[in-house]
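Commentary on secondary and tertiary structure
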Amino acid sequence: MENYKKKILFVLNPNAGKGLIRTLKTFIHREVRFAGMDYDIVCKKNMVLARQIIIENAESYDMVVSVGGDGTNYFVLNALMETNQRHLGILPAGTANDFAKCMRIKGSHQKVLRNILNHDPVIIDIGKADHRYFLNTASMGFDVGVMKTYDALPRPKLGKVSYLYSIFKNLITYEKERFQLSFLNQKEDKEYLLFVLANGIYYGGGFPIVPPANPMDGVLDLVTVFGLSNTEVVGVLPKLLQGKHLALKEYVDHHKVENLEIGFHGEGVLNLDGELFPVKEPVHCKIVPGEIYLYGQ
């Protein structure tokens, strides 16, 4: 391809799971200078501070690269969506890099960065939940409690191991919630253990929650889990780890949807790409097809 990417903004999360930010800064300086491209690096103590810089400057760059994990990608994406910039690179450096795994953005940092600098992008869909956007998943229920426990664990976290610990801890305390899910001209009103609206395949540090998901197919995948006691979840986990849980029809439903309305009583907590947000009912979710030019494969 013609090397047209002349100016790149790198957004680094100093709290990303691998604790490699200083090393990554040095590496980015070396690689991008060697490639002869112009660039700048934003590395603030939290992503809220970086957000305004992205919004004010993204359109003066050819691409914005998220350097971190799924949470970093979430913040960068939502800042970009307040601009006309739609070119996003992902350099995975988090504890959980679930969307990068889905998009097969893998290998050494050097390999991925060179892919970002030299390869054509793919055009992907994103999801929207009210005014927020997500690359990977939107979910409510049991996994919100798991995420709260996971977030409270000290760093460095251990990816899937830390997530499994958080699951088992919440098996003791979680109380099922009642949700009203409206999709495909139908409405379901029942107690769910959890439900996941997925653009990507993996969440929770590598669990293949929706193996058929494809961020380029113009739909989102809705997986609902119901009719299980907390202790029965233990028996389902091996299937989940293997990505075979969709076959458990008595407990799991799977639908491909373009829109989803979520109703619930009182206030809830919505998990978007591993970031938790208090919400009031109802929440309207939808697919935004072909919105982002993604680099890194």
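Structure: above.
The sections below set out a description of the structure shown in this document.

In terms of regular secondary structure, the protein chain is built from 8 helices and 17 strands. Whereas a compact globule of 297 residues would reach a radius of gyration of roughly 19 Å, the protein chain reaches 19 Å, a difference of no more than 12%. Seen along its three principal axes, the alpha-carbon backbone of the protein chain occupies a region of about 55 × 40 × 35 Å. Sequence-distant contacts in the protein chain: of pairs separated by 6 or more residues, those separated by 24 or more amount to 74%. When the accessible surface of the protein chain is summed, it comes to about 13,200 Å², and 51% of that surface belongs to carbon and sulfur atoms. Counting 34 positive and 32 negative side-chain charges, the protein chain places the centres of these two groups 8 Å from one another.

A rise of 1.5 Å per residue sets the reference length of helix 1 (residues 21-35), with its 15 residues, at 21 Å; its end C-alpha atoms lie 21 Å apart and thus fit the reference within 8%. Looking only at helix 1, the buried set comprises Ile21, Leu24, Phe27, Ile28, Glu31 and Val32. Angular distribution of buried residues about the axis of helix 1 spans 115°; they occupy a single face of the element. Exposed residues on helix 1 whose side chains face more than 90 degrees from its buried face are Arg22, Thr23, Arg33 and Phe34. Buried residues belonging to helix 1 abut strand 1 (7-12), strand 2 (38-42), strand 3 (63-68), strand 4 (87-92) and helix 5 (109-118). Positive backbone phi, at 75°, marks Gly36, one or two positions downstream of helix 1.

Each disulfide consists of one covalent bond between the sulfur atoms belonging to two cysteines. On inspection of all chains with the given rule, the structure shows 0 disulfides. Just so you know, Cys285 is unpaired, no disulfide at all, and the nearest cysteine sulfur is the one on Cys102, 18 Å from it. Residue class for Cys285 comes out buried when judged on its relative accessible area of 3%.

Here we come to the pattern of salt bridges. Taken as a whole and judged by the stated rule, the model has 7 salt bridges. With a shortest N-O distance of 3.0 Å, Arg114 and Glu31 are connected by a salt bridge. Of this pair, Arg114 sits in helix 5 while Glu31 sits in helix 1, placing them 83 residues apart in sequence. By relative accessible area, Glu31 is classed as buried at 5%. Several salt bridges converge on common partners, so that one network encompasses Arg30, Glu31 and Arg114.

What follows is about the packing of helix 6 (residues 142-152) against helix 7 (residues 160-173). Close contact between helix 6 and helix 7 brings their axes to 8 Å; oriented N to C, the two are set at 120°. Taken as axis vectors, helix 6 and helix 7 run oblique relative to one another. The two elements helix 6 and helix 7 cross, and the hand of that crossing is right-handed. Taken together, the residues of helix 7 that come into contact with helix 6 (itself represented by Phe142, Asp143, Gly145, Val146, Met147, Thr149 and Tyr150) are Ser162, Tyr163, Tyr165, Ser166, Ile167, Lys169, Asn170 and Leu171. Residue composition of the contact of helix 6 with helix 7, by class: 8 nonpolar, 5 polar and 2 charged.

Within this structure, the stated rule accounts for 8 aromatic pairs. With 5.3 Å between their ring centres and 90° between their planes, Phe142 and Tyr174 make a pair best called edge-to-face. In this pair, Phe142 sits in helix 6 while Tyr174 sits in the loop between helix 7 and strand 8 (177-183), placing the two residues 32 residues apart along the sequence. As far as burial versus exposure is concerned, Phe142 and Tyr174 are alike and both buried. Their ring planes at 85° and their centres at 5.0 Å tell us that Phe179 and Phe195 sit as a pair that is edge-to-face. Linking Phe179 in strand 8 with Phe195 in strand 9 (residues 186-198), this pair joins segments that are 16 residues apart in sequence.

Extensive coverage of strand 12 (residues 220-226) is indicated by the burial of 7 of its 7 residues. The alternating pattern of strand 12 places Leu220, Leu222, Thr224 and Phe226 and Asp221, Val223 and Val225 on opposite faces, both of which are buried. Sheet analysis places strand 12 next to strand 13 (residues 252-257), joined by 6 bridges and oriented antiparallel. Directly across from Val225, in strand 13, lies its bridge partner Val252.

About the criteria used
Residues numbered from 1 in each chain as written. Predicted model: local features only at pLDDT ≥ 70, side-chain atom pairs only at ≥ 80, totals over all residues. Heavy atoms only, no water. Helix = DSSP H or I, 4+ residues; strand = E, 2+ residues; numbered from the N terminus. Rg over C-alpha atoms; globule rule 2.2 N^0.38 Å. Contact = heavy atoms within 4.5 Å. Areas by Shrake-Rupley, 256 points an atom, 1.4 Å probe, with all protein chains shown as cover. Lys, Arg positive; Asp, Glu negative; His and termini not counted. Charge placed at Lys NZ, Arg CZ, Asp CG, Glu CD. Expected span 1.5 Å × (residues − 1). Buried < 20%, exposed > 50% of the residue type's maximum accessible area, 1.4 Å probe, protein only. Arc of directions from axis to C-beta. Disulfide = S-S within 2.5 Å. Salt bridge = Lys/Arg side-chain N within 4 Å of Asp/Glu carboxyl O. Axes fitted to C-alpha atoms, helices over the stretch in contact; angles between N-to-C directions. Parallel < 35°, antiparallel > 145°, perpendicular 65-115°, else oblique. Left-handed = near helix turned anticlockwise from the far one by under 90°. Nonpolar A, V, L, I, M, F, W, Y, C, P; charged D, E, K, R; others polar. Phe/Tyr/Trp six-rings, centres within 6.5 Å; stacked < 30°, edge-to-face > 60°. Pairing = 2+ DSSP bridges.

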